[in-house]
Amino acid sequence: MIIGPKDGFKLAGISIVCFCAVYVCTFMLNYYLDVLPLGDTIPEQFSALYKAQLATATFTAAITGGVLGLIAVVMLVFYIKLYIDGHAKQLGIIKALGQTRGRIAAEFCVFGLSVFVGCLLGFGGGWASMRVIYDGLTIEGIGEIAMTFHVELLFALVFAPTAVTALISVTYAYFALARPVSELLRGKCGKEKIEREGKNKDRSFLAEMCLKTLTAKKSLAFFVAFSCFCFSAMVQMGLSMENLTTATMGYMILAIGIVLAVVTMFMATTSLVRGNIKNISVMKAFGYSLRECAVSVLGGYAPFALIGFGAGSAYQYGLLQLMINVIFADVGSVPEYSFNVPVFFITLAAFVLSYAAVTLYYVLKINRITVKEVMTEN
Amino acid sequence: MIKAENLVKSYGGTEALRGLSLEIADGEFAVILGASGSGKSTLLSVLSGLEKADGGTIECNGVRLDTLGDRELTLFRKKEVGFIFQQYYLLPHLSVEKNVRLGADLSGNKNYREIIAAVGLEDKLDRKPSALSGGEQQRVAIARALAKNPRILFLDEPTGALDEKTGREVLDYIAGLHKARGFTMIMVTHNLNIADMAETVVKMNSGKIVGIYKNTERKSAYEIGW
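Parameters at a glance
- Residues numbered from 1 in each chain as written.
- Chains lettered and ligands numbered in written order.
- Predicted model: local features only at pLDDT ≥ 70, side-chain atom pairs only at ≥ 80, totals over all residues.
- Buried ≥ 20, exposed ≤ 12 C-beta atoms within 10 Å, placed from the backbone.
- Helix = DSSP H or I, 4+ residues; strand = E, 2+ residues; numbered from the N terminus.
- Contact = placed C-beta atoms within 7 Å.
- Pairing = 2+ DSSP bridges.
- Axes fitted to C-alpha atoms, helices over the stretch in contact; angles between N-to-C directions.
- Domains from an automatic or database assignment.
- Nonpolar A, V, L, I, M, F, W, Y, C, P; charged D, E, K, R; others polar.
- Core = buried A, V, L, I, M, F, W, Y, C linked by C-beta atoms within 7 Å.
- Right-handed = clockwise from strand over helix to strand, strands pointing away.

J.: Looking at this structure, I do not really get helix H14 (residues 290–298) of chain A. What am I missing?
T.: An α-helical segment advances 3.6 residues per turn. Residues three or four places apart therefore align on the same side. When we look at burial in H14 of chain A, the residues that qualify are Glu292, Cys293, Ala294, Ser296, Val297 and Leu298 of chain A. Along its buried surface, H14 of chain A packs onto helix H10 (205–216), helix H12 (247–275), helix H13 (277–286) and helix H16 (341–367) of chain A.

Encoded structure:
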């Protein structure tokens, strides 16, 4: 067996993203299923609020589940690609010994374990905090809403995502392993092309290194942008919703935003630095300074971080406007909402400090890389 | 001139260098011979400023390396040193030209294409390392090291991953460039035959020098055994 359950459990980042997605979906969808049958008993004057609460529950579950589910799948595929690239030689040997592609790919189903762990914990966590959420989403005219266990949610939020991601892992691995054995044995990954550099021929080594690191790992730019998007959107949303929802809900959004931002940022940057250890150590051996090494590897991602932050600010504003003007349009006494400028600047300052801290952490990590450890690898 | 005295280096409980002293003159071609685990790669790392010794002194072109901090050692390597490794360590996502510029940009060398031409790769400037043979990749590594105009070139088993024909070609290139440019060259190898090309041969065993001799007659890359 090439890939063990240990490899499947390693993807803590994916588990955390799944946890967040399922956590929110569990209490929102459970609330929806518990409140839906009460429609006939709602007095006329509260039916608008009732409909708005139902819409909020489905809307939040769809956005959170959809976006985070997609992110988990992208992260998973990205990790499998990294795994195949990093283990090309071993996989090549196994293929050369006669193991079929399908058989090797089948072992990649263990990557679904990380999804299972995250979903199961998220489901449990959602249930643990459900009472608080139900209290925050009370509807006048109905007393305390009873919490009912819906077994179909357990299947839809835990077992189905596990099965789907395991299937995606196997399918992706099957196609990724289509490369000839000789290529795998040489550790070659992906198609190599001769590049005509044309007008950029005179670009300096450091500028080229920065650009090529970025273009070689485009998916990481997405994760960096997404991480900053989460931070920006959810921190601002959490701090701006005091008049729109309960404080608990606000803190929950804030916490989920920070967790998602930290997880995706660390996952992206760790794989970036890990994937460039040899390059960095050679640069260090030749006399490039720590700053030059760090900028050439990490520097290209800064614009994407800013784009993510900007998009997150716009997104949270648009989403809250949408909720107020569309979902709660028929409900009276909904407070006005406008872009919260002080919160924006506070979040921006926190973002700049956090981004600088993450970068510093990795610069110190790069500082510890020695050419000796790379030499002893071979 | 490189002068090391009483060098000591340990990893965990294992002593890699045990009170070793050595002198290599400017422009000299020295080969350090030894079996695996003899401490020759550690000596190369310490002499080149990649690692610090636990004890002893090293003077390199008038600079006391053992007294320098990390930043000064980086600056020292930037100005003085070039490396050629057994596994080449080319940057896989960069072209031949940009790999050579890794070295050239450090010294502001604008004529790096002459060196690429000198190693016979002028028609492969835009190729990625994976599109080259092992010998060609090692020639890129040579060009990268020489493009920064080092005063000292350190080579760690430069032909270890090559077949005989390519290995001889690479050694011939290196020897020719050494003769033409006059830099100091220190090569670590376990191949006894390569020692016949050097001016000075240092034999190591268990972290100590067990013999140093000068070759009265030096052989070319095509005359040595393999």
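More follows now that the structure is in view.
J.: Sorry, what's going on with the sheet that holds strand S10 (residues 208–214) of chain B here?
T.: Remark on secondary structure: sheet strands pair via backbone hydrogen bonds, oriented parallel or antiparallel. All names here are of chain B. Spatially, S6-S7-S8-S3-S9-S10 is the arrangement adopted by the six strands of the open sheet, whose pairing is mixed. Among the strands making up the open sheet, the edge pair consists of strand S6 (81–85) and S10. Averaged over all pairs of adjacent strands, the angle between their axes in this sheet comes to 15°, without regard to strand direction. When strand S3 (residues 29–34) meets strand S8 (residues 184–189), the two strands line up parallel, connected through five bridges. For Ala30, the partnering residue across the bridge sits in S8 and is Ile186. Each of S6 and strand S7 (152–156) touches helix H5 (residues 134–146); the most contacted strand, S6, lies at about 170° to it.

J.: Is there a simple way to explain the sheet that holds strand S1 (residues 2–11) of chain B in this structure?
T.: Residue and element names in this part refer to chain B. Taken in spatial order, the four strands of this open sheet run S2-S1-S4-S5, and their pairing is antiparallel. In the strand order of this sheet, the two ends are held by strand S2 (14–24) and strand S5 (63–64), each with one partner. With five bridges joining them, S1 and strand S4 (residues 55–60) adopt antiparallel strand pairing. From the neighbouring strand, Glu5 faces S4, where its bridge partner is Thr57.

J.: Explanation requested: the domain arrangement of chain A in the structure shown.
T.: How big an interface is tends to be reported as the loss of accessible area on association of its parts. All names here are of chain A. The domain boundaries assigned to chain A delineate domain 1 (1–189) and domain 2 (205–378). Using only C-alpha atoms to locate each centre, domain 1 and domain 2 end up separated by 22 Å. Contacts between domain 1 and domain 2 engage 16 residues on the former and 18 residues on the latter. Those elements giving two or more residues to the side of domain 1 that touches domain 2 turn out to be helix H2 (12–35), helix H3 (47–86) and helix H7 (130–136). Per element, the largest residue contribution to the side of domain 1 that touches domain 2 is 10 residues, and it comes from H3. For the side of domain 1 that touches domain 2, the class distribution of residues is 13 nonpolar, three polar and no charged.

J.: Honestly, the nonpolar core in this entry has me stumped. Any pointers?
T.: In globular proteins that are soluble, nonpolar side chains generally tend to be buried together. Residues and elements named next belong to chain A. Counting 166 residues, the largest nonpolar core has Val17 and Val224 as the members making the most contacts within it. The leading source of residues in this core is H2, at 15 residues. Shared between two domains, this core takes at least three residues from each, and those domains are domain 1 (1–189) and domain 2 (205–378). Here Val224 is in contact with Met265, Ala268, Tyr301, Phe304, Ala305 and Gly308, once residues within four sequence places are set aside.

J.: So what exactly am I meant to see when it comes to the interface of chain B and chain A here?
T.: Taken residue by residue, the interface counts 28 residues in chain B and 25 residues in chain A. Looking at the side of chain B that touches chain A, the elements with two or more residues in it are helix H1 (40–47), helix H2 (70–80), S6 and helix H3 (96–107) of chain B. The element contributing the most residues to the side of chain B that touches chain A is H3 of chain B, with six residues. Considering only residue class, the side of chain B that touches chain A consists of 10 nonpolar, eight polar and 10 charged.

J.: Just checking my understanding: could you explain the environment of Thr162 of chain A for this structure?
T.: All names here are of chain A. Checked against the element boundaries, Thr162 lands in helix H8 (residues 151–176). It is 34 Å that separates the C-alpha atoms of Thr162 and Val326, two residues lying 164 residues apart in sequence. In this view, Thr162 contacts Gly112, Val115, Phe116 and Cys119; residues no more than four positions away in its chain are not counted.

J.: Just checking my understanding: could you explain the pairing of S7 of chain B for this structure?
T.: Strand residues, when the strand is regular, have side chains that alternate between the two faces of the sheet. Residues and elements named next belong to chain B. Counting buried positions along S7 gives five out of five residues, so the element sits mostly inside the fold. Side-chain alternation along S7 places Ile152, Phe154 and Asp156 on one buried face and Leu153 and Leu155 on a second face that is also buried. Of the strand pairs in this sheet, S7 and S8 are connected by five bridges, and their pairing is parallel. Residue pairing for S8: Phe154 is matched across the bridge by Ile186. Read from S7 through helix H6 (residues 164–181) to S8, the crossover connection turns out right-handed.

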